Amino acid sequence: MNAIKIKGLLLLSLLAIASCKKENKKVKNTAATAISTEEYSQKLNEWCEVQFQDNLKRSPIMQSYLGIKTEDYGKWDDISSKSKVEDLELAKQRLSYLKDSVELSKLDEATTLSYQLMKQNQENEIEDFQYRFYDYPVNQMHGMQAEIPSFLISIHRVSDTLDAEAYISRLYGIKPMFAQLVENLKMREKNGIMLPKFVFAKVLDDSRNIITGQPFDESNKESTLLADFKGKVNALEISDEQKKELFFKAKKWLLEGVKPAYEGLISLLEEQQQRATT
């Protein structure tokens, strides 16, 4: 899942839940009808909230965008093909519930809108599954090769040593995530979907820049991610010894996590660049 889709799903989810929680201000004709409608609508509102929280639980990236820190603060989203199938099955289950278990006539006006939004969202998810290979996870605008470092720099806040350890964990996690990314790119190529030839140079430049500077080479300049991490840790009120230990761990996973992750991506892109025709 690229950053654009992540943000898009976040906005759709927030819209649906905001609508779910919107109060119905329409005056009912009778007290009995008002109670019945209110209770029935509340039931769907609660179901919407459960679905939103489930989406949130399954997306450490979305949690971070919302400023929520959980035990998953050091993790990334699953972007594997398996996760896409799981998303499809979940959408089918939700759509089935909406169609078979909800009586529209019993909902108030605001919750009816929530129902329609949620239903459309699930239908779109199901319809889009067949086109899951028809996008470019890496590209010259908002590709993962640039968005993942940008996320760490702009979104991952470090308020204490636990947050710093989570940052380090995410550095390590880039390696398995990019292994999934490489497989996704290979799968797209098998389906005839590959970057336009002119885009490869930009994406390759982005990728090489991430692993340029210390600790990746002997230059005097620190790499972007190391500089960001050190800046955030230096702002903490902790001992120099604690900072030194955190810096050591970060450098280790930059070399053993980030570097091989980007080298694997670069290797595939260089191969595909030779095969690209347009």
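Since we're looking at a predicted model, the values are computed, not measured. (Residues numbered from 1 in each chain as written. Predicted model: local features only at pLDDT ≥ 70, side-chain atom pairs only at ≥ 80, totals over all residues. Heavy atoms only, no water.)

Here is a general trend for soluble globular proteins: nonpolar side chains tend to be buried in one another's company. Ranked by internal contacts, the top residues of the largest apolar core, which has 45 residues, are Ile-174, Phe-178, Phe-229, Val-258 and Leu-269. Going through the elements one at a time, helix H6 (144–154), helix H7 (161–190), helix H8 (200–210), helix H9 (224–234) and helix H10 (240–275) are the ones with two or more residues in this core. Filtering out sequence-adjacent residues up to four positions away, Phe-178 remains in contact with Met-144, Gln-145, Ile-148, Ala-261, Tyr-262 and Leu-265. Core analysis: the next-biggest nonpolar cluster, separate from the first, contains 9 residues, Leu-44, Trp-47, Leu-98 and Leu-107 among them. (Core = buried A, V, L, I, M, F, W, Y, C linked by side-chain atoms within 4.5 Å. Buried < 20%, exposed > 50% of the residue type's maximum accessible area, 1.4 Å probe, protein only. Helix = DSSP H or I, 4+ residues; strand = E, 2+ residues; numbered from the N terminus. Contact = heavy atoms within 4.5 Å.)

Our next topic: the packing of aromatic side chains. Overall, the coordinates contain 8 aromatic pairs when judged by the stated rule. Relative to Tyr-262, the ring of Phe-178 has its centre 4.8 Å away and its plane inclined at 50 degrees; by these criteria the two rings are tilted. Taken as a pair, Phe-178 in helix H7 and Tyr-262 in helix H10 lie far apart in primary sequence, 84 residues in all. With respect to burial, Phe-178 and Tyr-262 carry one shared label: buried. One aromatic cluster is present, formed by Tyr-65, Trp-76 and Phe-151 through successive ring pairs. Geometry around Phe-129 places Arg-132 over its ring, the cationic atom sitting 3.8 Å from the centre. Its end group placed over the ring of Trp-76, Arg-170 keeps NZ or CZ at 5.3 Å from the ring centre. (Phe/Tyr/Trp six-rings, centres within 6.5 Å; stacked < 30°, edge-to-face > 60°. Lys NZ or Arg CZ within 6 Å of the ring centre and 35° of its normal.)

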